[in-house]
Amino acid sequence: MTASPKTPVRRIDHLVLPTADLAVSRQRLSELGFSVAPVAEHPFGTYNACVFFADGTYLEPLAVRQRETCEEAARQGNVFVARDQAYRFRRGEEGFSALVMATSDAAGDRQQFAEAGISAGDNLTFSRDYIRADGQTAEARFELAFAADLRAPDVFFFTCQRLRSLQVDTSRLEAHENGVAGIRQVVLSERNPSDFQYLLQEVANQREVQAHSFGLDISAANADIAVLNASGLMGFLGIEGGTHARGLRLRAVVFATAAQDRLPELLDQADIRYERVGNRIVVPATAGQGAVFAFEAG
């Protein structure tokens, strides 16, 4: 199982953060200093309120809007919904379920994942409407290709191809009070990180891996993907409790911020608990947030 030399190293596109209540998530993210986009509905029963960054990445807080619609979509083979339902059943309504990579060839990605033995099912193509700045309704269209490992049931991956992009100006939404300009690192945990090296190499389409005593690092085209053991979680992020059961889990997001000096005041005003770990300000996961958030200057 080796990354394909035919396509470039993939870039991180967005992160999926399941939540029980989108209103709670919007409030929490706003208190953390993020600008949150209006609610957008999917045609298969879920909806989101995204946080967009200037580096082209974004967070996708995801909630269930119509459970019956979701259940029917899952029965019909919608991998996105089926995996979301499985995550909520196993891990609860709040968390960090999926790492998404950008692509220009979702069909080719599915073939690559199938040949590598990590395909999680058929591609998903869907459209959704949105309201443009001029008040007109337009349509965005996407195709997703899925990857997963049966040894890690609490995380999945997919690539996202924009067949018809959102023709909207997101610059206003990319300005955040907390100074965040983008995602610097995505952190997963596992007792023996090297067991999942090949899976992540395929997902990122990256051969190069940096192994160390705390885990391993794989460089996507725009950010770092780290898998840490218990010592790494504690040392780099102050996360106690180890890695729990075997299998990958998505645990934390490290953001680059231009307002590191002002961030403690913002968090204090919102009565948000945090701690300093090295050069990072780390906020524990909670309802509406899903993952540990860490902020570092950059």
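Report follows, based on the coordinates. (Residues numbered from 1 in each chain as written. Predicted model: local features only at pLDDT ≥ 70, side-chain atom pairs only at ≥ 80, totals over all residues. Heavy atoms only, no water.)

Notes on the overall build of the chain
In terms of regular secondary structure, the chain is built from 7 helices and 17 strands. The globule rule puts the C-alpha radius of gyration for 298 residues at 19 Å, and the 18 Å found for the chain is close to it. Partitioning the intrachain contacts of the chain with sequence separation of at least 6 by distance along the chain shows that 66% fall at a separation of at least 24. Looking at the chain as shown, the accessible area adds up to about 13100 Å², and 46% of this sits on carbon and sulfur atoms. For the chain, the centre of its 30 positive side-chain charges and the centre of its 38 negative side-chain charges are spaced 2 Å apart. (Helix = DSSP H or I, 4+ residues; strand = E, 2+ residues; numbered from the N terminus. Rg over C-alpha atoms; globule rule 2.2 N^0.38 Å. Contact = heavy atoms within 4.5 Å. Areas by Shrake-Rupley, 256 points an atom, 1.4 Å probe, with all protein chains shown as cover. Lys, Arg positive; Asp, Glu negative; His and termini not counted. Charge placed at Lys NZ, Arg CZ, Asp CG, Glu CD.)

Details of unusual backbone geometry
For residues other than glycine, phi is negative in most cases, and the peptide bonds are mostly trans. We note that Asn 205 has phi near 55°; this positive angle belongs to a residue other than glycine. Even without being a glycine, Asp 271 presents a positive backbone phi close to 55°. Structurally, Asp 271 is set in the loop between helix H7 (263-269) and strand E15 (275-277). Residue Asp 271 is classed as exposed on the basis of its relative accessible area of 71%. (Buried < 20%, exposed > 50% of the residue type's maximum accessible area, 1.4 Å probe, protein only.)

What to know about the pattern of salt bridges
Summed over the entire model, instances satisfying the criterion amount to 14 salt bridges. With a closest N to O distance of 3.1 Å, Asp 122 and Arg 110 form a salt bridge. Of this pair, Asp 122 sits in the loop between helix H4 (106-115) and strand E7 (124-131) while Arg 110 sits in helix H4, and the two are 12 residues apart along the sequence. A salt bridge links Glu 296 to Arg 280; the nearest nitrogen and oxygen atoms lie 2.8 Å apart. Here Glu 296 is found in strand E17 (residues 292-297), whereas its partner Arg 280 is found in strand E16 (residues 280-283), with 16 residues between them in sequence. (Salt bridge = Lys/Arg side-chain N within 4 Å of Asp/Glu carboxyl O.)

What about the pairing of strand E10 (residues 180-189)?
Within E10, 8 of the 10 residues are buried, which leaves it mostly tucked inside the rest of the structure. Relative to strand E14 (residues 249-257), E10 runs antiparallel, the two being bridged by 8 bridges. Directly across from Gly 182, in E14, lies its bridge partner Ala 256. Taken together, the 5 bridges between E10 and strand E13 (residues 224-228) define a ladder with parallel strand orientation. (Pairing = 2+ DSSP bridges.)

Any link to function would need more than the numbers given here.
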